[in-house]
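Residues per chain, in single letters:
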Amino acid sequence: MIKRTLTALVAAIALAGSVSAQNYLFNNPDNKSYLGIRAGVDISSTAGTVVDNYSNGAGFTIGAVYNIPLWQNLYFEPGVHFFYDTFGYNLLKSAEPFVEIDGSVRNFGFRIPFNFGYHFDFTDDISVSLFTGPVLNTNLTAKTHFGTVKEYNMSIMENGFKRFDMQWDFGVSMTYAHNYYVAITGAVGMTKAYNPSVDLTGFRRNTCNISIGYNF
C-alpha cells in the first residue's frame, strides 16, 4: 500500500513538473517589459531593379528596442535604430573617353521596426523568439561617392531616392540569461527606396542583418 502511494505521488510530481515546464515554455509568469540595445551588420540588395548599375552593399545598425508583453509569451517590440547602408554603383561617363567608374551610394537614416514576436522559454536561461512586422526607413541622406572623381559625388535625395521606404521583417533570436541577445533578421522591401523616373523602375531595399544586444 505504501509502495503504491509513493509511486502515485512520484507520478503526480512528475506530471506537475511536466505541466509547469510546458506552461513556462509558452506562458512564462515572469514576463515583463524591458529595454534592450542592439548593434548589427547589414547586407543590402537592390530588388526589382532595371537600373542595373546598382548592386549589393554592406552597412551597420545601432539602436534600442522596448519589449512589451501582450499575452502569454506574445510580445510587441518597437525600436529606433540609426543605420548606414551602402549600395554598389557603376557609372558610365557620358563624355569621351567612355569609361566606367566604380563607386557607391551611401545612405544614412533611422530604421523604426514594429515587430510582433513569440518567445519559447526552454530553460530559465535560454529563450528563442520568432518575430515579424513592418519597418519604416527614414532616409536623411543618400549620396553617390566616386573617390577622387569628385564631380560625380552628389546627393540623390532630389533625384529619385525616397525620404521614406517600407520593409517587412522576419527574424529569429536567442536570449541567454535574460540579458545577452543575438538575432538574424531578413527584411523584404515593400516600397521603392529609389525611383528616378517613370522610365526606370528603381529598386526596393532588401536587407539581411546579424545583430547582438543586451537587455536591461
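1. Examining the nonpolar core
- Residues Tyr 54, Val 105, Phe 146, Ile 156, Phe 161, Tyr 194 and Phe 203 are the most contacted members of the largest nonpolar core, which totals 15 residues.
- Contributing elements (two or more residues each) for this core: β4 (74–92), β5 (100–121) and β9 (192–194).
- In this structure Ile 156 touches Tyr 54, Val 105, Ala 142, Lys 143, Thr 144, Phe 161 and Tyr 194, once residues within four positions along its chain are discounted.

2. Overview of empty space enclosed by the protein
- One pass over the full model with this rule turns up one cavity of 30 Å³ or more.
- Taken as a whole, the largest cavity encloses approximately 340 Å³ of empty space.
- In terms of lining, the largest cavity is formed by 21 residues, of which the most central are His 81, Pro 113, Asp 169, Thr 185 and Asn 209.
- Secondary structure elements with two or more residues in the lining of the largest cavity: β1 (34–47), β3 (57–71), β4, β5, β6 (126–145), β7 (164–176), β8 (180–189) and β10 (203–215).
- Broken down by element, the lining of the largest cavity gets its largest block of residues, four residues, from β8.
- Tallied by class, the residues present in the lining of the largest cavity amount to seven nonpolar, nine polar and five charged.

3. Thoughts on the environment of Met 154
- Tracing the chain through its elements places Met 154 in the loop between β6 and β7.
- Measuring from C-alpha to C-alpha, the distance between Met 154 and Lys 143 comes to 5.4 Å, with eleven residues separating the pair along the chain.
- Among all residues touching Met 154, those that are not within four sequence positions of it are Ala 142, Lys 143 and Thr 144.

4. Considerations on the confidence of the model for the chain
- The predicted model of the chain has a mean per-residue pLDDT of 84, with 80% of residues at 70 or higher.
- Per-residue pLDDT stays below 50 along residues 8–21; that stretch engages in zero contacts with residues further than four places along the chain or on separate chains.

5. Some details on the layout of surface pockets
- Looking at the largest pocket, its volume works out to about 540 Å³.
- In this structure, the largest pocket is lined by 30 residues; those nearest its centre are Asn 31, Lys 32, Tyr 34, His 119 and His 178.
- With four residues, the top contributor of residues to the lining of the largest pocket is β6.

6. Considering the side chain of Asn 115
- Summarising the element assignment, Asn 115 is placed in strand β5.
- By relative accessible area, which is 6% here, Asn 115 ends up buried.
- Among the polar contacts made by the side chain of Asn 115, one reaches the main-chain amide nitrogen of Gly 133 at a distance of 3.3 Å.
- For Asn 115, the residues in contact, after removing those within four places along its chain, are Tyr 75, Phe 76, Glu 77, Phe 131, Thr 132, Gly 133 and Asp 169.

Conventions and cut-offs
Residues numbered from 1 in each chain as written. Predicted model: local features only at pLDDT ≥ 70, side-chain atom pairs only at ≥ 80, totals over all residues. Heavy atoms only, no water. Core = buried A, V, L, I, M, F, W, Y, C linked by side-chain atoms within 4.5 Å. Buried < 20%, exposed > 50% of the residue type's maximum accessible area, 1.4 Å probe, protein only. Helix = DSSP H or I, 4+ residues; strand = E, 2+ residues; numbered from the N terminus. Contact = heavy atoms within 4.5 Å. 1 Å grid on protein atoms, 1.4 Å probe; cavity = no way out; pocket = protein on both sides within 12 Å on 5 of 7 lines; lining within 4 Å. Points joined across faces, edges and corners; volume = space filled by probe spheres on them. Nonpolar A, V, L, I, M, F, W, Y, C, P; charged D, E, K, R; others polar. pLDDT = per-residue confidence, 0-100. Polar contact = N/O pair within 3.5 Å; in protein donor to acceptor, adjacent residues only side chain to side chain.

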